[in-house]
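Read off the chains here:
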Amino acid sequence: MTTARLVYADESGRMYDHPYLEMAGSSGGSWTEVDDDILMPLPPGSELFLLPDRVPVGYDRKKKRFVKLGKDPHNPQKKVQAVAAFMAPAHTQILTAAYHSKQKASILPLFSYTAVGWQGGQFVVAGVRVDPLMRQDIDQFDLERLERRAKRALTLQSHNRLIQHLGSCALTYGCPAAKNYFLGRWEAPLPTSPQCNAHCLGCISLQEGDQICATQERITFVPTPEEIAEVAVSHLREAEDPLVSFGQGCEGEPLMQGKTLKEAVKLIRGQTGAGTINLNTNGSLPQTIAELRDDGLDSIRVSLNSAREAYYHAYYRPRGYSYSDVTGSIRAMKSRGGFVSINLLTLPGLTDEEGEVEAIIRLIGETGIDLIQMRNLNIDPEWYLREIGYRSSGRSIGILEMMKRIRASHPQVNFGYFNPCLNPSK
Ligand code: SF4
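Numbers given for residues are sequential positions, taken from 1 along each chain in its written order. Reporting of local features is limited, given that this is a predicted model, to residues whose pLDDT is at least 70; pairs of side-chain atoms are given and counted only at 80 or more, and all residues count toward the totals for whole chains, interfaces and linings. Side-chain measures were taken over the full set of non-hydrogen atoms in the model, leaving aside hydrogen atoms and water.

A.B. asks: Which residues make up empty space enclosed by the protein, and what values go with them?
C.D. replies: Definitions used for this entry: grid spacing 1 Å over protein atoms alone; cavity, a set of points where a 1.4 Å probe fits but cannot get out; pocket, an open set with protein on both sides within 12 Å along at least 5 of 7 lines; lining residue, one with an atom within 4 Å of a point. Grid points are joined across faces, edges and corners, and a volume is the space filled by probe spheres set on the points. Enumeration according to the criterion identifies 1 cavity of 30 Å³ or more in this entry. Of all the secondary structure elements, the ones that give two or more residues to the lining of the largest cavity are strand 1 (5–10), strand 2 (15–27), strand 6 (54–60) and strand 9 (75–86). Polar here means any residue other than Ala, Val, Leu, Ile, Met, Phe, Trp, Tyr, Cys and Pro, which are nonpolar, and Asp, Glu, Lys and Arg, which are charged; Gly is therefore polar. Partitioned by chemical class, the residues of the lining of the largest cavity number 12 nonpolar, no polar and no charged. Segments assigned H or I by DSSP are reported as helices when at least four residues long, segments assigned E as strands when at least two residues long, and all are numbered from the N terminus.

A.B. asks: Can you lay out the environment of M23 for me, pointing to particular residues and giving the numbers?
C.D. replies: Along the polypeptide, M23 turns up in strand 2. Note: C-alpha distance between M23 and G58 (35 residues apart in sequence) is 5.3 Å. Setting aside its immediate chain neighbours within four residues, M23 contacts T2, A4, R5, L6, V34, L39, A115, V116, G117, V124 and A126. By definition, residues are in contact when any of their heavy atoms lie within 4.5 Å.

A.B. asks: How would you explain the side chain of N305 if you had to name every residue and give the values?
C.D. replies: The topology assignment puts N305 in the loop between strand 18 (299–304) and helix 7 (309–316). Polar contacts involving the side chain of N305 include one to the main-chain carbonyl oxygen of Y311, which spans 3.1 Å. In this structure the side chain of N305 is engaged in a polar contact, spanning 3.0 Å, whose partner is the side chain of Y384. Those residues in contact with N305 that sit more than four places away from it in its chain are Y311, Y312, Y315, Y316, L345, L350 and Y384. Within 3.5 Å is the distance limit for a polar contact, defined as a pair of N or O atoms, with the added protein rule that one can donate a hydrogen and the other accept it, and that residues adjacent in sequence qualify only through two side-chain atoms.

A.B. asks: Would you mind going over the site of the ligand in detail, with residue names and values included?
C.D. replies: Near is defined per residue: the residue qualifies when any heavy atom it owns lies within 4 Å of the molecule or strand. Taken together, the residues surrounding the ligand are C196, A198, H199, C200, C203, R218, E251, G252 and N282. Here the residues of the shell around the ligand are counted per class, giving 4 nonpolar, 3 polar and 2 charged.

Treat this as a map of the structure, not an account of what it does.
Below is the structure:
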């Protein structure tokens, strides 16, 4: 039960709270009531989205049923549309937005759509902060200082194509990791690969069909090991709690550039032992992971939508590798003393389904994963569940209960959102 009211928008996009319908949520495609203990104020830096051709759904406590809101209660001639929240980084969704899609509804763009309501004079969301690190908090970015520092670096290092690329990432696309690079702190990005050996339904850097478009431009060149090392070495030596990460939203799969990465890691570790060198990856090439670890790679983050092979294959549509290669990469890193995170692409209903939680617990037990990064899956939930052939095979226990169960089975495992700096600056 909640005191949060349903939020909806009129045709012009003005948002209202409903006079009596309660906020509802969705889990695995089923509408669900909301409890106050899973709500939090809308985090600063979040956005609110209008969902075209989708009817808002609320809960009528008196009639004890879900209600599709077809008309604006303040103006019954007017149609209404559903609203969802795209939460700021470091926050994981517990329920997605509740709505009914009209026949003509087109697929929603590649964002996450969290349930939002109105309570005590503010917007609230069904979400939780899973990482205290302020790396991407909106109030951490002094844009004037960023512009000054970025422009100076772009002028002084005009010879380095990677720095020029990061310049447009930071100043045009507003990529928080690229911004932190120019601000000399935390995690800096090292994109390297125009190619990929997967074909993810929700790839944000390359979409082949015309149903949905990619939200990022993919890098078009492979930087040299020297260009990579020039970015990485100064950052690792000088930045606060420094780490550098291969595998960004604006590229394909970095393991496709294994030779370049190996040379770059050797060059970097030949000049500094500071900070952490991390690789965000689809984990497709265990042998390359093993070699990179031997060359000095400190940690990897393997992206997973599910620890159940069928759903993994249905989403990643791998070309020339399989789920067993992914678990092989995790083992290759752990057996060499490396640190391993999984980037768990979280969708309420599927991720917290009992069968999925058991599969994740088994995977941790078999491989020794250190950290689960709870990232929201940026995709139209209905389209995604249809495309992967999702069939509910058990109770969804709730995202918070899922985290509790995993912790109970594996107390050594942490939850978070960001790649950790394994040896922070003194
Ligand atoms: S692994 Fe990454 S780059 Fe490759 S298809 Fe998937 S999301 Fe895109």
